[in-house]
Amino acid sequence: MTTHVETEIASQPDCWRRAAETAAERAGLLPRTGERIAVVGCGTSYFIARAYAALRESLGEGETDAFPASDPTPLGRGYDRIVALTRSGTTTEVAGLLARAAGRIPTLALTGVPDSPAGHHADTVLDLGFADERSVVQTRFATTALQLLRAGLGVDLEASVGDAELALYEPLPAAWERHGQFTFLGTGWTVGLADEAALKLREAARAWSESYPAMEYRHGPISISDPDSLVWCLGPVPPGLADEVNATGAQFVADAVDPVAALVRAQRLAVALARRRGLNPDRPRNLTRSVILAGAR
């Protein structure tokens, strides 16, 4: 039986096309060049926030920082705007931060459920209900939010969409599923994507997965790599890295596709590992669709 998460993974190219259209239609709501912004989220949304923040700064669009929504720092730093990423709009930390920012700092929420606490507290809401999900494990909402924000930075998503279609069509190498340890690496804005890829394997398949900036991997983490390891670099590969990974006996993987499309392949690997281990990837252990903290203010 096809799980919700498999259906949602497969729908990402269509969601990204719609994200590009939404970015064009609602361009006036997105961060403007030169704005000093903070991007916040929890879990997957925080990793996506980090990817966007690093990308926006690298393109010279303005100072951009990312924070977990539980961190009150953005409220005291004089940002021009706070951008919140929240699939359900009910996550306690996100809704609380937006409520505390009201009247102090302009806020924008990207959410799958505009009629939610986060939607009510935000000054402006971008409705991504078309990318909302039934699975607990986030896939298409997170990538669609990032792609919309990338489009808002002037990135043409056409190649990324094509790469995602390829990532969905090509069979995953069977050898990947036989590994017991997985390390994801990134550079610049793709470090956040590496963190998200590792999280997907932990959530869906309870796999031993880690993530690091690619240049930091050699400063200690490489010590765990051995023939049971798969080391996957999303984005540009630093010179000499592949040779050093191969010397440990680990399998090295690097994608020539757009890094967000490479994340789609990692999502597929998470599902494949879950099935191999007899797990339901829609129902990760100890997790719910939204974290709502009792008694939080």
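Scroll up to find the structure this text is about.
Let me sum up the structure you'll find in this document. Since the structure is predicted, the reported quantities are computational estimates derived from the model, not experimental observations.

Our next topic: the overall build of the protein. Each helix and strand counted, the protein has 11 helices and 9 strands in total. In terms of overall dimensions, the protein is globule-like: its C-alpha atoms have a radius of gyration of 19 Å, near the 19 Å expected for 297 residues. Counting the 297 residues in the protein, one finds 56% classified as buried. Taking contacts inside the protein between residues at least 6 apart in sequence as the whole, the part at least 24 apart equals 72%. As presented, the protein carries roughly 12,200 Å² of accessible surface, and 50% of it is formed by carbon and sulfur atoms. Each charge class in the protein can be summarised by its mean position, and for the 29 positive and 36 negative side chains these summaries are 6 Å apart.

Before going further, it helps to spend a moment on the pattern of salt bridges. All told, the structure shown has 15 salt bridges when counted by the stated rule. The partner of aspartate 195 in a salt bridge is arginine 50, with the nearest N and O atoms 2.5 Å apart. Highlighted residues: aspartate 195 in helix H9 (residues 190-205) and arginine 50 in helix H3 (residues 44-58), separated in sequence by 145 residues. With a relative accessible area of 8%, aspartate 195 lands in the buried category.

On to the packing of aromatic side chains, then. Enumeration over the complete set of coordinates arrives at 4 aromatic pairs. Consider the rings of tyrosine 46 and phenylalanine 47, whose centres lie 6.0 Å apart with planes at 40°: the pair is tilted. The same class applies to tyrosine 46 as to phenylalanine 47, namely buried. Ring centres of phenylalanine 184 and tryptophan 232 lie 5.5 Å apart, and the angle between their planes is 35°; this geometry places the pair in the tilted category. With phenylalanine 184 in strand E6 (residues 181-186) and tryptophan 232 in strand E8 (residues 229-234), the pair connects residues that are 48 residues apart, well separated along the chain. For the pair shown, phenylalanine 184 and tryptophan 232 are each scored as buried. Put simply, the rings of Trp176, Phe184 and Trp232 touch in pairs and so form one group of aromatic residues.

Let's shift gears to the pairing of strand E7 (residues 208-213). The sheet contact formed by E6 and E7 spans 6 bridges and is parallel. Along E7, the bridge assignment pairs phenylalanine 184 with serine 211. You can see the chain leave E6, run along H9 and come back into E7, and the turn it takes is right-handed.

Let us now look at the nonpolar core. The nonpolar side chains of a soluble globular protein tend to be buried with one another. Ranked by size, the top nonpolar core spans 65 residues in total, and within it Leu110, Phe184, Leu193 and Trp232 carry the most contacts. Ranked by residues supplied to this core, first place goes to helix H11 (residues 259-276) with 12 residues. Not counting residues within four places of it along the chain, the set of residues in contact with tryptophan 232 comprises Trp176, Thr183, Phe184, Leu185, Val253, Asp255, Ala262, Arg265, Ala266 and Leu269. The next biggest cluster of nonpolar side chains, apart from the first, holds 16 residues, and it includes Val40, Tyr79, Ala84 and Val94.

Glancing now at the sheet that holds strand E5 (residues 124-127). Judged by pairing direction, the sheet is parallel, and its 5 strands sit side by side in the order E2-E1-E3-E4-E5 without closing on themselves. Among the strands making up the open sheet, the edge pair consists of strand E2 (64-68) and E5. Strand after strand, the sheet turns through a mean of 20° between neighbouring axes, direction not considered. Alignment of strand E1 (residues 37-41) against E2, held across 5 bridges, turns out to be parallel.

Before going further, it helps to examine the side chain of threonine 183. Position of threonine 183 among the secondary structure elements: in strand E6. On the basis of relative accessible area, threonine 183 is assigned to the buried category, the value being 1%. Ignoring sequence-local partners within four residues, the contact set of threonine 183 consists of Glu210, Tyr212, Tyr217, Ile224, Leu230, Val231 and Trp232.

Strand pairing in a sheet takes place through backbone hydrogen bonds and is either antiparallel or parallel in direction. As summarised here, the arrangement of the 4 strands in space is E7-E6-E8-E9, forming an open sheet in which the pairing is parallel. Two strands in the sheet have a free side with no partner beyond their single neighbour: E7 and strand E9 (251-254). Averaged over all neighbouring strand pairs, the angle between strand axes comes to 20°, with direction disregarded. Of the pairings in the sheet, the one linking E6 to E8 comprises 6 bridges and is parallel in character. Note on E8: the bridge partner recorded for leucine 185 is cysteine 233.

Before going further, it helps to examine the environment of valine 40. Relative to the helices and strands, valine 40 is located in strand E1. Residue valine 40 is classed as buried on the basis of its relative accessible area, which comes to 1%. Taking the C-alpha atoms as reference, valine 40 lies 24 Å from isoleucine 9; in sequence the two are 31 residues apart. Residues in contact with valine 40, not counting those within four places in the same chain, are Ala49, Phe67, Ala69, Pro74, Ile82, Val83, Ala84, Leu85 and Leu97.

Cut-offs used in this document
- Residues numbered from 1 in each chain as written.
- Predicted model: local features only at pLDDT ≥ 70, side-chain atom pairs only at ≥ 80, totals over all residues.
- Heavy atoms only, no water.
- Helix = DSSP H or I, 4+ residues; strand = E, 2+ residues; numbered from the N terminus.
- Rg over C-alpha atoms; globule rule 2.2 N^0.38 Å.
- Buried < 20%, exposed > 50% of the residue type's maximum accessible area, 1.4 Å probe, protein only.
- Contact = heavy atoms within 4.5 Å.
- Areas by Shrake-Rupley, 256 points an atom, 1.4 Å probe, with all protein chains shown as cover.
- Lys, Arg positive; Asp, Glu negative; His and termini not counted.
- Charge placed at Lys NZ, Arg CZ, Asp CG, Glu CD.
- Salt bridge = Lys/Arg side-chain N within 4 Å of Asp/Glu carboxyl O.
- Phe/Tyr/Trp six-rings, centres within 6.5 Å; stacked < 30°, edge-to-face > 60°.
- Pairing = 2+ DSSP bridges.
- Right-handed = clockwise from strand over helix to strand, strands pointing away.
- Core = buried A, V, L, I, M, F, W, Y, C linked by side-chain atoms within 4.5 Å.
- Axes fitted to C-alpha atoms, helices over the stretch in contact; angles between N-to-C directions.

Keep in mind these values describe shape, not function.
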